[in-house]
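# Residue-level structure breakdown
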Amino acid sequence: MATTTTTELDELCIATIRTLCIDAIQAANSGHPGTPIGIAPLTYLLWQRFLRFDPADPIWPNRDRYVLSSGHASALLWSMLHLTRVQAVDSDYEILGRPAVLLEDLRRFRQLDSRAPGHPEYRWTSGVETTTGPLGAGVATSVGMAVASRWLGTRYNRDGYTLFDFDVYAQAGDGCMMEGVASEAASFAAYQGLSNLCWIYDSNRVTIEGHTDITFTEDVAARFTAYGWNVTSVPDANDVEEVERAFHDFKAEHSRPTLIVVHSHIGYGTPVEDSPKAHGEPLGPEGVKATKRFLGWPEDAEFLVPDGVYEHFADGVGARGRQAHEAWEATLEEYRASHPGLAEEIEQMQRRELPDGWDAEIPTFPADAKGVATRDSSGQVLNAVARRVPWLLGGAADLAPSTKTRLTFDGAGDVGPDDGSGRNFHFGIREHAAASIANGMAVSKLRPFWSSFLIFSDYARGAIRLSALMEIPVIHIFSHDSIGLGEDGPTHQPVEQLASLRAIPGLLVFRPADANEVAETWRCVMPLQHDPAVLVLSRQALPTFDRSALAPASGVARGAYVLADAGSGAPDVILIATGSEVALALGARDQLAAEGIMARVVSMPCSELFDRQPPAYRDEVLPPRVMARVAIEQASTLSWHRYVGDDGAIVGMHTFGASAPLKELVTKFGFTPDAVADVARERLVAAGSGREEAP
Ligand SMILES: Cc1ncc(C[n+]2csc(CCOP(=O)(O)OP(=O)(O)O)c2C)c(N)n1
Ligand SMILES: [Mg+2]
């Protein structure tokens, strides 16, 4: 193992990183100065000597990934992106010819529109591999990236052609090591034998409330050894030879992920070294000066990048990355000639496009009064699509037999430590990690799905939210979508989950009503390039509607559509429903029709898509003059007021459910055609009681 010592130039670069962070945080008058100062040497070393990363093309597919899981230390990442002159890329994957982070952005750290925001944000600043800030999220997501590297290598590498073998580094602190999601993900990574994954644990033994001995005294190294990780430690973060040795240990490991425990001093060299005060507050003008003196820096210089620093980065990480990238392009060029089909897949995937004919096998379901559970029809459609889209892959958090997300066609085996060629993952009972890993796969350009019961979306909510914030097309699949699941009772019956998922900006929540709406849902979801989707599916059978008498299911694409109209004239009342309650609305409509009341049934599988339609379409579906409206959904009523208005009614859940057979539950909670028809009549009476009189 060749270990080189640091030169004066290396030391100058490390001091530049530290002082840029100090100045940025001081200018913002907010941020966490201690952490970047403490871990700057190892970040420097990792980038400069190990990371295969081409700053000129930060989306080169086989780049090593660097994840700053300690997102509060973002100034460190901004400094690295600036000093290595990483180039900006737009959402069409075009390189823009300007740096991703200017010195000006660092001066405007944490200010509106600066490319150096408070925490690393994917899609906002090129070079950020994933959004971090919620502790634990970065390390968990890094596992998905490592999975992707191995899966891509298994599928696309051929004799003489190594296209995918990237490594994934994630830098984390005490906070990440405390979070449950990190443990879930670490356990999964160990099982999968992800030797391309390296977590660097900055053990400074300080968090916000104080020293970690107030609450966190376990032996983290022993814990990771027990998971099955390769664990090594570095006694002093400033000992660059030791840090380098640890990275060589990682590179030499071929069957296990590696944890490097680095003992460091938060706020190294500042007046608040080793103290929780190194958190949250800038050092203040005097603290800044004292620290600069300690670092041998001109104490009045601000945002100083001394001569030779940019060049040194360009000669290190820059030159190494460019060479590796050029060699990769040359390999791809030859590969394209010898394996054109596979090369085309790689290109489509990188642009988030779909292969021609991806939807050719999606079935149409014949009308059937008994019907099929939407989890079952979804499982069929998923398989039909996945056969045609090789990089659509995923798994369940131990519930595939219930969520029906297993891929069952030839070649769709399990992805495990010894065979990475399959398409099915067993995420284990680790929902938060499963969703985080899916995020990591999605930022690596795979098309991941994962599944569980809707109730357990709560466990994964942090990662679902991040998929929306990052605008990445993860498919979150949840079955057992309501009290309709029956006997398992209130612990398993979701009530508030639909409303809370709909509250996440940019997340498309689909609750299809029958098998053909399921098929249309998949048709909408697969082409999404920048939106995550949630599929909410029933455990119980739902009738497959006779579309010859009703509107076609293609209306799903508009979020809501008139499924059954009230006859030729204007409707007296509108019944709006989703999922299993659409059939119920149709039943109530029949009852009302027998009394001469004209009811329109609107199926609204995705309110977010409906909200994106032009006003004319929305008014056509929900005519403003028809104020007698009833929304029906076996869930919290919270999100429905804007569709039914003040004069409308909502048949929903106001309490937790109960453990009983479905039949008894629907009566108890008012989800019968009789009860819905009653509410509709009441609304009509109210609407007829003067408010709607013509002048
Ligand atoms: C899930 C989550 N909880 C709380 C926070 C708020 N927070 C930001 S930094 C921090 C302390 C982090 O300590 P550590 O990871 O040891 O980093 P260091 O103090 O060493 O920089 C906390 C609690 C957060 N960002 N994410
Ligand atoms: Mg700490």
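Coordinates for the structure precede this section.
Residues numbered from 1 in each chain as written. Chains lettered and ligands numbered in written order. Predicted model: local features only at pLDDT ≥ 70, side-chain atom pairs only at ≥ 80, totals over all residues. Heavy atoms only, no water.

### Here's the deal with the overall build of the chain
Counting its secondary structure elements, the chain contains 24 helices and 22 strands. The globule rule puts the C-alpha radius of gyration for 695 residues at 26 Å, and the 28 Å found for the chain is close to it. By residue count, 62% of the 695 residues in the chain fall in the buried class. Considering only residue pairs separated by 6 or more positions, the chain has 76% of its internal contacts joining residues 24 or more positions apart. (Helix = DSSP H or I, 4+ residues; strand = E, 2+ residues; numbered from the N terminus. Rg over C-alpha atoms; globule rule 2.2 N^0.38 Å. Buried < 20%, exposed > 50% of the residue type's maximum accessible area, 1.4 Å probe, protein only. Contact = heavy atoms within 4.5 Å.)

### Section: the pattern of salt bridges
Counted by the stated rule, this structure contains 35 salt bridges. A salt bridge links Lys292 to Asp23, with the nearest nitrogen and oxygen atoms 2.6 Å apart. Of this pair, Lys292 sits in helix 10 (residues 284–294) while Asp23 sits in helix 1 (residues 8–28), placing them 269 residues apart in sequence. Look at Asp23 and you get buried, because its relative accessible area is 5%. Asp359 is the salt-bridge partner of Arg523, the closest N and O atoms lying 3.4 Å from each other. Of this pair, Arg523 sits in helix 18 (residues 515–525) while Asp359 sits in the loop between helix 12 (340–350) and strand 10 (368–373), and the two are 164 residues apart along the sequence. What makes Asp359 partly exposed here is its relative accessible area of 28%. When salt bridges with common partners are traced through the structure, they connect Asp10, Arg49 and Glu244 into a single cluster. (Salt bridge = Lys/Arg side-chain N within 4 Å of Asp/Glu carboxyl O.)

### Concerning the side chain of Ser264
Secondary-structure assignment places Ser264 in the loop between strand 9 (258–263) and helix 10. Setting aside its immediate chain neighbours within four residues, Ser264 contacts Gly38, Ile39, Asp202, Ser203, Asn204, Ala237 and Asp274.

### Section: unusual backbone geometry
Backbone geometry follows two general trends: most residues other than glycine have a negative phi, and most peptide bonds adopt the trans configuration. A positive phi angle, close to 60°, is found at Arg205, a residue other than glycine. Residue placement: Arg205 occurs in the loop between strand 5 (197–203) and strand 6 (206–207). Backbone geometry places Asp398, a non-glycine residue, at a positive phi of 70°. By the element assignment, Asp398 lies in the loop between strand 11 (392–396) and helix 14 (400–403).

### What to know about the sheet that holds strand 22 (residues 649–653)
Overall, mixed pairing links the 5 strands, which are arranged 18-20-19-21-22 in an open sheet. In this open sheet, the two strands that pair with only one neighbour each are strand 18 (561–564) and strand 22. With direction set aside, neighbouring strand axes in the sheet form an average angle of 25°. Bridge count between strand 21 (residues 629–636) and strand 22: 4 bridges; the pairing is parallel. Looking across to strand 22, one finds that Ser636 is bridged to Met653. (Pairing = 2+ DSSP bridges. Axes fitted to C-alpha atoms, helices over the stretch in contact; angles between N-to-C directions.)

### Description of the environment of Ser233
The topology assignment puts Ser233 in strand 8 (residues 230–234). Residue Ser233 is classed as partly exposed on the basis of its relative accessible area of 37%. Beyond its immediate sequence surroundings of up to four residues, Ser233 is in contact with Glu242, Arg245 and Val261.

### Looking at the pairing of strand 13 (residues 447–453)
In terms of residue burial, strand 13 counts as a mostly covered element, since 7 of its 7 residues are buried. As defined by bridge partners, strand 11 adjoins strand 13 across 5 bridges and the pair is classed as parallel. Across the sheet, residue Ala396 finds its bridge partner in strand 13, namely Ser451. Bridge analysis of strand 13 against strand 14 (residues 475–479) gives 5 bridges, and the strand direction is parallel. By the bridge assignment, Trp450 is partnered in strand 14 with His476. For the handedness criterion, the β-α-β arrangement of strand 13, helix 16 (residues 457–470) and strand 14 is classed as right-handed. (Right-handed = clockwise from strand over helix to strand, strands pointing away.)

### Details of the side chain of Gln493
Turning to its location among the elements, Gln493 is positioned in the loop between strand 14 and helix 17 (497–502). Taking the relative accessible area as the measure of exposure, Gln493 reaches 1% and is therefore buried. Aside from chain neighbours lying at most four places away, what touches Gln493 is Ile455, Ser482, Ile483, Leu485, Gly486, Gly657, Ala658 and Leu665.

### Structural notes on the packing of aromatic side chains
This model, assessed by the stated rule, comprises 24 aromatic pairs. Aromatic side chains Trp60 and Trp328 sit 6.4 Å apart centroid to centroid with 70° between the ring planes, which places their arrangement in the edge-to-face category. Of this pair, Trp60 sits in the loop between helix 2 (34–50) and strand 1 (65–68) while Trp328 sits in helix 11 (residues 309–338); the two residues are 268 residues apart in sequence, bridging distant segments of the chain. Neither Trp60 nor Trp328 differs from the other in exposure class; each is buried. Above the face of the Tyr310 ring, Arg85 is positioned so that its terminal group lies 4.4 Å from the ring centre. The ring of Trp124 has Arg115 sitting right over it, with the charged end atom 3.8 Å from the ring centre. (Phe/Tyr/Trp six-rings, centres within 6.5 Å; stacked < 30°, edge-to-face > 60°. Lys NZ or Arg CZ within 6 Å of the ring centre and 35° of its normal.)

### Here we look at the site of ligand 1
The environment of ligand 1 is formed by 16 residues, the closest being Thr35, His72, Gly175, Asn204 and His279. The contact in question runs from an oxygen atom of ligand 1 to an N or O atom on the side chain of His72, over 2.8 Å. The protein chains hide 74% of the 590 Å² of surface that ligand 1 would expose on its own. Among the elements of the structure, helix 6 (174–178) and strand 6 are those that each provide at least two residues to the shell around ligand 1. Per-class residue counts for the shell around ligand 1 are 5 nonpolar, 9 polar and 2 charged. (Near = heavy atom within 4 Å. Polar contact = N/O pair within 3.5 Å; in protein donor to acceptor, adjacent residues only side chain to side chain. Areas by Shrake-Rupley, 256 points an atom, 1.4 Å probe, with all protein chains shown as cover. Nonpolar A, V, L, I, M, F, W, Y, C, P; charged D, E, K, R; others polar.)

### As for the coordination of the magnesium ion (ligand 2)
For the magnesium ion (ligand 2), the full set of protein donor atoms is Asp174 (OD), Asn204 (OD1) and Val206 (O), and the range of their distances to it is 2.1 to 2.2 Å. As a motif over one chain, the donors of the magnesium ion (ligand 2) read D-x29-N-x1-V. On the criterion of sequence distance, the pair formed by Asp174 in helix 6 and Asn204 in the loop between strand 5 and strand 6 is long-range, its members being 30 residues apart. Grouping residues by exposure puts Asp174 and Asn204 together as buried. (Donors = N, O, S within 2.8 Å, 3.2 Å for Na, K, Ca; no water.)

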